[in-house]
Amino acid sequence: MDILKFLLSIAFILILSSCAKIGYLYEQGIGQAKLIIDARDNQEVLKDQSVSDEMKDKIKKIQTYKKFFYQYWHLPETEIYSETNILDRDAVTYLVIASTRREIKPLSNCFFLAGCFPYLGFFELKSAKKHVKTLNEKGYDTYLRSVLAYSTLGNLDDPILSTFFKYSKYDLAETIFHELFHTILFIKGEVDLNENLANYFGKEMLKKFFKEESEKLEAHFKRLELNHEIKQEIVDSAQELKEILKESNWKAQKKNFLEVTFPQKMKNKCEKLGLKKCWPLSLTWNNATFSAFMTYKKSQDKISALAGQFNGDLRAFFLFIQSEYDKYVEEDIEGSFEDYLLK
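Figured I'd write up the structure that's included with this text. Since the model is a prediction, treat every value here as computed from it, not as a measurement.

## Observations concerning the state of the cysteines
Here a disulfide denotes a covalent bond joining the sulfur atom of one cysteine to the sulfur atom of another.
Move 1: One pass over the full model with this rule turns up one disulfide.
Move 2: Residue C270 pairs covalently with C278 via a disulfide, S to S 2.1 Å. One disulfide, between C270 and C278, carries an S-S torsion of 70° and so falls in the right-handed class.
Move 3: Under the relative-accessibility criterion, C270 is labelled buried at 3%.

This is the structure:
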């Protein structure tokens, strides 16, 4: 889809949207258009003396990861990541997640054709903060977080974004594989499943690309495993908070849990794992923050278990998912595809 078609699509959606959503969609459409319009061909950027050698090196690595990805899946290379946009901000987009103050459940945001999402994304930080203020005034808990990587899921030829360069070596490669996976498989209306599948396949592609660096990669995955344990502690704590929210005096109990019980639990967990930096202690926790961490974790273990049935054959597993999704759509099976796939 070229930029003209994209803008026409935005105009069409605006016509069919409620007044409350028109301003949001217009701003995001312009923001997306700028990401594409302001991007320059990679070869031009690589010749630009004002661009650092470190940036140029990461552009070259991304090109290598892209080539490997499409060769592995026996697919022709697309124009994605053929251009680079050096942004003037610290994140490509800012996500706002909201929950009511008695639920750990993200507020759903639905759009014509695009489906529903458990967040709203903003290209401008000031707009994200304004939305947070509006939600807080309406009585919602909110969580605002920066996003370094972003994809239009194959609808546009996404450029490389300078925010990618903040990732470390293995994280950058996995991020590229993750985003590229969205371009070859996308389950409509199921954000959680799409993220979990991309997480799984991104990690597996990382292992294949860096198979000659097994020891270093093992250390990387060990760090990820420690981080996984921290996130599992967060998910477990969210379950505790859910029970508290059922009580008649939930406000006082919630305050004590968030200010005393939970921080101490995280501190103890980090000390037990030998982590010098306990990143959960740097976040402001509320129902929305907890719901954000539960969103992308939910099905990862089940996906790994299902993949185990294919004895490490990543292509066979992918083809199985594709065929099951085709069957799900053709037969108009009730319920979510996630439930159907992981039954």
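## Comments concerning the pairing of strand 3 (residues 93–100)
Move 1: A large share of strand 3 lies buried, amounting to seven of its eight residues.
Move 2: Sheet topology places strand 3 next to strand 7 (residues 140–147); eight bridges connect them, and they run antiparallel. Paired with Y94 across the two strands is S146, which belongs to strand 7.
Move 3: Here strand 3 pairs with strand 6 (residues 120–122) via three bridges, running antiparallel. Bridge pairing in strand 6 places V96 opposite L120.

## Observations concerning the pattern of salt bridges
Move 1: In total, this model carries 14 salt bridges according to the counting rule given.
Move 2: Between K207 and E204 there is a salt bridge; the shortest N-O distance is 3.1 Å. One end of the pair is K207 and the other is E204, both in helix 7 (residues 191–209) and three residues apart, which spans about a single turn.
Move 3: Residue classification places K207 among the partly exposed positions, given a relative accessible area of 37%.
Move 4: Among the ionic pairs, K265 bridges to E240, the shortest N-O distance being 2.4 Å. In this pair, K265 is assigned in helix 9 (residues 250–273) and E240 in helix 8 (residues 214–244), connecting sequence segments 25 residues apart.
Move 5: A relative accessible area of 19% places K265 in the buried class.

## Let's talk about the packing of helix 6 (residues 169–184) against helix 8
Move 1: Where helix 6 contacts helix 8, the axes come no closer than 11 Å and their chain directions differ by 80°. Here helix 6 lies roughly perpendicular to helix 8, going by the angle between them. Of helix 8, the residues touching helix 6 (which contributes Y170, D171 and E174) are K216, L217, H220 and L224.

## Description of the sheet that holds strand 8 (residues 160–161)
Move 1: A sheet is described by the order of its strands in space; here three strands give the open sequence 1-2-8, paired in mixed fashion. At either margin of the open sheet sits one strand with a lone partner, and together these are strand 1 (40–41) and strand 8.

## Observations concerning the environment of I30
Move 1: Relative to the elements of secondary structure, I30 occurs in helix 2 (residues 19–37).
Move 2: Along the sequence, I30 and F123 sit 93 residues apart, while their C-alpha atoms lie 9.2 Å from each other.

## Quick word on the packing of aromatic side chains
Move 1: If you walk through the whole model with that rule in mind, you get 37 aromatic pairs.
Move 2: On the numbers, 5.8 Å between centres and 85° between planes, the contact of Y81 with F164 is edge-to-face. Of this pair, Y81 sits in the loop between helix 4 (53–72) and strand 2 (83–85) while F164 is found in the loop between strand 8 and helix 6, placing the two residues 83 residues apart along the sequence. Assigned by exposure class, Y81 and F164 land together as buried.
Move 3: Arranged with centres 5.5 Å apart and planes meeting at 75°, the rings of F123 and Y150 form a pair that is edge-to-face.

## Topic: the nonpolar core
Soluble globular proteins tend to bury their nonpolar side chains together.
Move 1: Membership of the largest hydrophobic core comes to 84 residues, with the highest contact counts inside it found for W73, F164, F201, F290, F317 and F337.
Move 2: Not counting residues within four places of it along the chain, the set of residues in contact with W73 comprises I184, F201, M205, L314, R315 and F318.
Move 3: Membership of the second largest hydrophobic core comes to twelve residues, among which are V96, A98, F122 and L135.

## Re helix 8
Move 1: Between the first and last C-alpha of helix 8 there are 45 Å, a value that for 31 residues agrees with the 45 Å anticipated at 1.5 Å per step.
Move 2: Here helix 8 has its buried residues at L217, H220, F221, L226, I230, E233, I234, V235, S237, A238, L241 and I244.

Rules behind the numbers
- Residues numbered from 1 in each chain as written.
- Predicted model: local features only at pLDDT ≥ 70, side-chain atom pairs only at ≥ 80, totals over all residues.
- Heavy atoms only, no water.
- Disulfide = S-S within 2.5 Å.
- Buried < 20%, exposed > 50% of the residue type's maximum accessible area, 1.4 Å probe, protein only.
- Helix = DSSP H or I, 4+ residues; strand = E, 2+ residues; numbered from the N terminus.
- Pairing = 2+ DSSP bridges.
- Salt bridge = Lys/Arg side-chain N within 4 Å of Asp/Glu carboxyl O.
- Axes fitted to C-alpha atoms, helices over the stretch in contact; angles between N-to-C directions.
- Parallel < 35°, antiparallel > 145°, perpendicular 65-115°, else oblique.
- Contact = heavy atoms within 4.5 Å.
- Phe/Tyr/Trp six-rings, centres within 6.5 Å; stacked < 30°, edge-to-face > 60°.
- Core = buried A, V, L, I, M, F, W, Y, C linked by side-chain atoms within 4.5 Å.
- Expected span 1.5 Å × (residues − 1).

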